[in-house]
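Per-entry structural report
In case you want the letters, here they are:
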Amino acid sequence: MIIVMLGAPGAGKGTQAAMICDKYDIPHVSTGDIFRANIKNGTELGKKAKAFMDEGKLVPDELTIELLLDRVSQDDCAKGYVLDGFPRTIPQAEVLTNALAKAGEKVDFAINVDVPDENIIKRMSGRRSCPKCGASYHVEFVPPKKEGICDVCGSELIQREDDKPETVKNRLSVYHDQTQPLIEYYEKAGALQAVDGTKDKDEVFADIVSILG
Ligand SMILES: [Zn+2]
């Protein structure tokens, strides 16, 4: 069972990916983790990837796929795995489809955790964090006892740059331009399944389970 997670930043796909992995006992495969592990272990592929990263360049799709295939050839991926953060673009999806096809495999489910932009902006721009102890809050969903003050250490809470509405809007616009076409790609491939990501996370998960069986 090969699953690709799709959804805008802040849609909660990481949370759902973790819940899927837990229930079905399959690994959560993220390209970020693969890069870090290979670089840390000093593998040949890791050295190649690091050379690009050191120059501030994106790791090319072919190399990313090579690293990914190396990771999913390990025993723990035999029953399947959840891909998170890859593919992000159509060329990446095509390279992945071709690479999997060589092994007689395919993406079985592309799960789109669908949340309208305005909900994401509301979710993210309500986040507050403590610059001192790192505790996080949400003005609406997880408010501190005293407005603007950390429950743990009493410091004044801040809104991180990443959570400011303008930043969130920019990230969503990049997402729509680049990743939205993947939804159409996996729809054509017959793998797309959309879930309503505005629901409570346990309800979203129940919907996913009914899709995966
Ligand atoms: Zn604090």
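Scoring rules and cut-offs
Residues numbered from 1 in each chain as written. Predicted model: local features only at pLDDT ≥ 70, side-chain atom pairs only at ≥ 80, totals over all residues. Heavy atoms only, no water. Axes fitted to C-alpha atoms, helices over the stretch in contact; angles between N-to-C directions. Helix = DSSP H or I, 4+ residues; strand = E, 2+ residues; numbered from the N terminus. Parallel < 35°, antiparallel > 145°, perpendicular 65-115°, else oblique. Left-handed = near helix turned anticlockwise from the far one by under 90°. Contact = heavy atoms within 4.5 Å. Donors = N, O, S within 2.8 Å, 3.2 Å for Na, K, Ca; no water. Tetrahedral: all angles 85-135°; square planar, octahedral: opposite > 155°, others 65-115°. Buried < 20%, exposed > 50% of the residue type's maximum accessible area, 1.4 Å probe, protein only. Pairing = 2+ DSSP bridges. Patch = residues over 30% accessible without salt bridge, like charges linked within 9 Å, V, L, I, M, F, W, Y side chains within 5 Å. Areas by Shrake-Rupley, 256 points an atom, 1.4 Å probe, with all protein chains shown as cover. Salt bridge = Lys/Arg side-chain N within 4 Å of Asp/Glu carboxyl O. Lys, Arg positive; Asp, Glu negative; His and termini not counted. Charge placed at Lys NZ, Arg CZ, Asp CG, Glu CD.

Helix α3 (residues 44-54) packs onto helix α2 (residues 31-40) with a crossing angle of 110° between their chain directions and a minimal axis gap of 8 Å. Put simply, α2 runs roughly perpendicular to α3. Judged by the sense of rotation from one axis to the other, the crossing of α2 with α3 is left-handed. Contacts between α2 and α3 involve Phe35, Asn38 and Ile39 from the first element and Gly46, Ala49, Lys50 and Met53 from the second.

Quick look at the coordination of the zinc ion now. In the first shell of the zinc ion, the protein supplies Cys130 (SG), Cys133 (SG), Cys150 (SG) and Cys153 (SG), at 2.3 Å from the metal. Geometry at the zinc ion is tetrahedral, judged from its four donor atoms and the angles of 100 to 119° they form at the metal. For the zinc ion, the donor residues sit on a single chain with the sequence spacing C-x2-C-x16-C-x2-C. Note that cysteine 130 is positioned in the loop between β5 (127-129) and β6 (136-138) and cysteine 153 in the loop between β6 and α7 (165-178), a separation of 23 residues in sequence. By relative accessible area, cysteine 130 is classed as buried at 5%.

Moving on: the environment of lysine 50. Turning to its location among the elements, lysine 50 is positioned in helix α3. Spatially, the C-alpha atoms of lysine 50 and arginine 36 are 9.2 Å apart, while their sequence positions differ by 14 residues.

Most peptide bonds take the trans form, and the phi angle of most residues other than glycine is negative. The peptide bond linking phenylalanine 86 to proline 87 adopts the cis configuration, its omega dihedral lying at -5°. Residue position: proline 87 is located in the loop between β3 (81-84) and α5 (90-102). Within the chain, aspartate 25 stands out as a residue other than glycine whose phi angle is a positive 55°. Structurally, the position occupied by aspartate 25 is in the loop between α1 (13-24) and β2 (28-30).

Moving on, we get to the side chain of serine 129. Assignment of secondary structure puts serine 129 in strand β5. Note on serine 129: relative accessible area 11%, which makes it buried. The contacts of serine 129, once residues within four sequence positions are left out, are Ala135, Ser136, Leu157, Ile158 and Arg160.

Take the pairing of strand β1 (residues 2-6) next. The buried fraction of β1 amounts to five of the five residues, a majority that puts the element mostly inside the structure. Residues Ile2, Val4 and Leu6 point to one face of β1 and Ile3 and Met5 to the other, with burial holding for every one of them. Where β1 and β3 come together, three bridges link them in parallel fashion. The partner of isoleucine 3 across the bridge, within β3, is valine 82. Across four bridges, the pairing between β1 and strand β4 (residues 109-114) is parallel. Its bridge partner being in β4, leucine 6 is matched across the sheet by asparagine 112.

All right, on to a negative patch on the surface then. Residues Asp114, Asp196, Asp200, Asp202 and Glu203 make up a contiguous surface patch of negative charge. Checked against the element boundaries, glutamate 203 lands in helix α9 (residues 201-212).

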